[in-house]
Amino acid sequence: MEKASIVVPAASAASSVAFHRSLGRRGIRTIAVSETETAPSFRSRYCDETVLVSDPKEDITGYKEALLALAMRPDVETIVPLREEDIYVLSKYRQEFAEHIATPWPSFETLRTVHDREKLFDAARKASVPVPETNTLDDVDDWGRRLVVKSRYALLTGDYLSDSAAEGIIEPRSATFLKPDERPDKERLRSEFKHNPHVQQFVDGTEFSLGVLYDDGEPVVETQKRIIRGKKYYCGPSVYHESVDIRELEELGRRLLTQLDWHGPADIDIIRDDNSGEYKLLEINPRFWATIQMEIHAGFDFPLYYWRMTQNDSRQSIPSPEPGIASHYLPGELSYIQSVLTEDHPLCDPPSVSSSGWEITRSIIGDHRFDLLDLDDPLPFVSRVADEVRG
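Residues numbered from 1 in each chain as written. Predicted model: local features only at pLDDT ≥ 70, side-chain atom pairs only at ≥ 80, totals over all residues. Heavy atoms only, no water.

Asks: So what about the layout of surface pockets? Which residues, and what values?
Replies: Size it by volume and the second largest pocket reaches roughly 290 Å³. Taken together, 25 residues line the second largest pocket, and the ones lying closest to its centre are Glu222, Thr223, Gln224, Glu250 and Pro321. Mapped by element, the contributors of at least two residues to the lining of the second largest pocket are strand 11 (205–215), strand 12 (218–232), helix 8 (247–260) and helix 9 (292–297). In terms of residue class, the lining of the second largest pocket is made up of 14 nonpolar, five polar and six charged. (1 Å grid on protein atoms, 1.4 Å probe; cavity = no way out; pocket = protein on both sides within 12 Å on 5 of 7 lines; lining within 4 Å. Points joined across faces, edges and corners; volume = space filled by probe spheres on them. Helix = DSSP H or I, 4+ residues; strand = E, 2+ residues; numbered from the N terminus. Nonpolar A, V, L, I, M, F, W, Y, C, P; charged D, E, K, R; others polar.)

Asks: Can you explain the pairing of strand 12? Please cite residues and give values.
Replies: Pairing geometry for strand 11 and strand 12, over eight bridges, is antiparallel. Residue pairing for strand 12: serine 209 is matched across the bridge by lysine 225. Taken together, strand 11 and the strand that follows it, strand 12, pair antiparallel across an intervening segment of two residues, in which aspartate 216 is found at a positive phi of about 50°. One ladder, built from six bridges, connects strand 12 with strand 13 (residues 235–243); its direction is antiparallel. Paired with arginine 229 across the strands is tyrosine 240, a residue of strand 13. Hairpin connection of strand 12 to strand 13: two residues between the antiparallel strands. (Pairing = 2+ DSSP bridges.)

Asks: Tell me about the environment of leucine 70, and please be specific about residues and values.
Replies: With respect to the secondary-structure elements, leucine 70 resides in helix 2 (residues 60–71). Judged by relative accessible area, which is 5%, leucine 70 ranks as buried. Counting along the chain gives 39 residues from leucine 70 to isoleucine 31, while the straight-line C-alpha distance between them is 9.3 Å. Residues within four places of leucine 70 in sequence aside, it is in contact with Val7, Val33, Val51 and Val76. (Buried < 20%, exposed > 50% of the residue type's maximum accessible area, 1.4 Å probe, protein only. Contact = heavy atoms within 4.5 Å.)

Asks: An account of the pattern of salt bridges is requested, with residue identities and associated values reported.
Replies: Under the criterion given, the structure shown has 36 salt bridges. We note a salt bridge from arginine 145 to glutamate 133, for which the minimum N-O separation is 3.1 Å. In this pair, arginine 145 sits in the loop between strand 5 (134–136) and strand 6 (147–150) while glutamate 133 sits in the loop between helix 6 (117–126) and strand 5, placing the two residues twelve residues apart along the sequence. Glutamate 133 gets classed as partly exposed once you look at its relative accessible area, which sits at 40%. Three or more residues joined by partner-sharing salt bridges are found here, namely Arg25, Arg45, Asp374 and Asp376. (Salt bridge = Lys/Arg side-chain N within 4 Å of Asp/Glu carboxyl O.)

Asks: Which residues make up the packing of aromatic side chains, and what values do they have?
Replies: Each pair of aromatic rings is reported with the distance of its centres and the angle of its planes. Inspection of every chain in the model, using the stated rule, returns 16 aromatic pairs. Ring plane angle 90° and centroid distance 6.2 Å describe the contact between tyrosine 88 and tyrosine 160, whose orientation is recorded as edge-to-face. Linking tyrosine 88 in helix 3 (residues 84–92) with tyrosine 160 in the loop between strand 7 (156–157) and strand 8 (169–170), this pair joins segments that are 72 residues apart in sequence. Look at tyrosine 88 and you get buried, because its relative accessible area is 4%. On the numbers, 4.9 Å between centres and 80° between planes, the contact of tryptophan 289 with phenylalanine 302 is edge-to-face. Taken together, the residues span a long stretch of sequence, with tryptophan 289 in the loop between strand 15 (279–285) and helix 9 and phenylalanine 302 in helix 10 (residues 302–310) at a distance of 13 residues. The same class applies to tryptophan 289 as to phenylalanine 302, namely buried. Among the aromatic residues, ring-to-ring pairing joins Phe19, Phe288, Trp289, Phe302, Tyr305 and Tyr306 into one connected group. Stacked on the ring of tyrosine 93, the Lys or Arg lysine 64 has its end atom at 4.5 Å from the ring centre. Directly above the ring of tyrosine 336 sits arginine 229, whose terminal nitrogen or CZ lies 5.7 Å from the centroid. (Phe/Tyr/Trp six-rings, centres within 6.5 Å; stacked < 30°, edge-to-face > 60°. Lys NZ or Arg CZ within 6 Å of the ring centre and 35° of its normal.)

Asks: Got a sec to walk through the sheet that holds strand 2 (residues 29–34)? Specific residues and values, please.
Replies: The strand order across the open sheet formed by four strands is 3-2-1-4, and the pairing between neighbours is parallel. One side of each edge strand has no neighbouring strand; the edge strands of this open sheet are strand 3 (49–52) and strand 4 (76–79). When the angles between neighbouring strand axes are averaged without regard to direction, this sheet yields 25°. Two elements, strand 2 and strand 3, share four bridges in a ladder whose sense is parallel. Bridge assignment links serine 34 to a residue of strand 3, and that residue is leucine 52. Those strands touched by helix 10 are strand 1 (5–9) and strand 4, and its axis lies near 125° from that of strand 4. (Axes fitted to C-alpha atoms, helices over the stretch in contact; angles between N-to-C directions.)

Asks: Account for the sheet that holds strand 11, with residues named and values stated.
Replies: If you trace the six strands from one edge of the open sheet to the other, you get 15-14-11-12-13-16, paired in antiparallel fashion. Each end of this open sheet is capped by a strand with a single partner; those strands are strand 15 and strand 16 (326–328). Averaged over all adjacent pairs, the angle separating strand axes in this sheet is 35°, with direction ignored.

Asks: Explain helix 6 to me, and be specific about the residues and the numbers.
Replies: All buried positions along helix 6 are accounted for by Arg117, Leu120, Phe121, Ala123 and Ala124. Along the axis of helix 6, the buried positions cluster into a sector of 155°, meaning they face one direction only. Looking at the buried side of helix 6, the elements it contacts are helix 5 (108–115), strand 5, strand 6, strand 10 (198–201), helix 8 and strand 15. Where helix 6 starts, the residue carrying a side-chain oxygen 3.0 Å from the main-chain nitrogen of glutamate 118 turns out to be aspartate 116. (Arc of directions from axis to C-beta. Polar contact = N/O pair within 3.5 Å; in protein donor to acceptor, adjacent residues only side chain to side chain.)

Asks: Describe helix 8, with residues and values.
Replies: In this model, helix 8 (14 residues) spans 20 Å end to end at C-alpha, consistent with the 20 Å of a helix rising 1.5 Å per residue. Within helix 8, burial applies to Leu249, Leu252, Gly253, Leu256, Leu257 and Leu260. Along the axis of helix 8, the buried positions cluster into a sector of 115°, meaning they face one direction only. With respect to the buried face of helix 8, the exposed residues turned more than 90 degrees away are Arg247 and Thr258. In this structure, the buried residues of helix 8 make contact with helix 5, helix 6, strand 11, strand 12, strand 14 (264–273) and strand 15. (Expected span 1.5 Å × (residues − 1).)

As C-alpha cells, then:
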C-alpha cells in the first residue's frame, strides 16, 4: 500500500517548509504544490513530490481543480490551508473534498464571516471581544483623528461582493493611512479598493497573535506570541516574535472562537491599546500562519497536531506554554532595514538606522532560532534569499 501523503501549498516560505520538515522527519509523505518552480519548499530535502498548479490569483477554478485532483488520489489524506486562497477554495468546495479526504476547515458560511470585517466585528461584539472603532467610508463624520482605510474583506470575490464586481479572487489593496484632518477623495478610494472600504481608528499598541487548532468548537491546542518586529518599521507581517502566556488573551480567543463554533486552524491578530490597556481584535486569518515555526520551536508541533486530527488520532500531547521562546525570519529582517532606510509613514516616525541595526544584531545573537534557516535543510533558505536578491 502506498504511503499516506499530505498536500502542502507553497504559501509563505517559512510556513510551507515548516510543514515539510515537521512531517517529513516523522516519515509522513509530503507533496508540495506551487504555481512557480522556484518555491523554496520545492528545495526541501523533506519534500517528497512537487506539483505545479495554476496561480489561484489568476485562475482560481484551475487551482481548485488541481487540488481536487490531488485529493482524489488514494494516497492523499488531506490538504493544509496556508493562505487565504487555499482556505477559500477548500471551504467553498468542502463537500467535494470531503468525498476523498479529511476536511478540518470551517464551513463556508463561517469563512464568509471572518473574511468580512463587518460580520466578524459583529460576532466579536456578541462575544464581548473589543474591537477598534470602525465605520464604513460613508459613515465617517470625524476626520480629526489618525485613521486607517482598510478593505472590508480579506479577499475580494463575487461570493462576498453583492454587485459581483470581482471576478475570481482579487487581493485587497493595502491600507491607506490618514493624518488628522486629512479628508480623502472618497470616489478615488472606492475605485482603488474596488468596494466601499472601512475606516478604522489608528491604535498605538503592541500586537499579539493567537495560533490555534479547534475541533468542532473545542480547542485542541492554543498558543500566543508577541510581535516584536514586523517587516516594516511600523509593523506589517512579523519577522521577530516570541511566545507569551497571557490569561486575558486566552480568554478572549476562546470567547470569540466559541461564538463562531470554529473548526480547524486559525490565527487571531490582536493589539493591546497603549492608551487604554485593552486588548482589541484586528482580524482572524482562518488558516495556518506564516510564523508557525516559532510555535514548533516552543514545543507546539502544529503540523503533527493537524495530521493527527485528520487521522482521528487523539494522541495529542500538548506542552505547557513557555514564555520567551523567540524566532527570526531573516529575509524579513532585511525588509525591515530597507523600510527604515526608504519608507515614510504618515503616522509613525522611523527609528534610526544605527539603533535598528544594533537591535537586529543583538536579538539574532541572543535568540538564534529561525523560521526558515535550518542547517539540516539549508536549500529553502538559500532559495528564498536568492528570490530576495532577484527582487
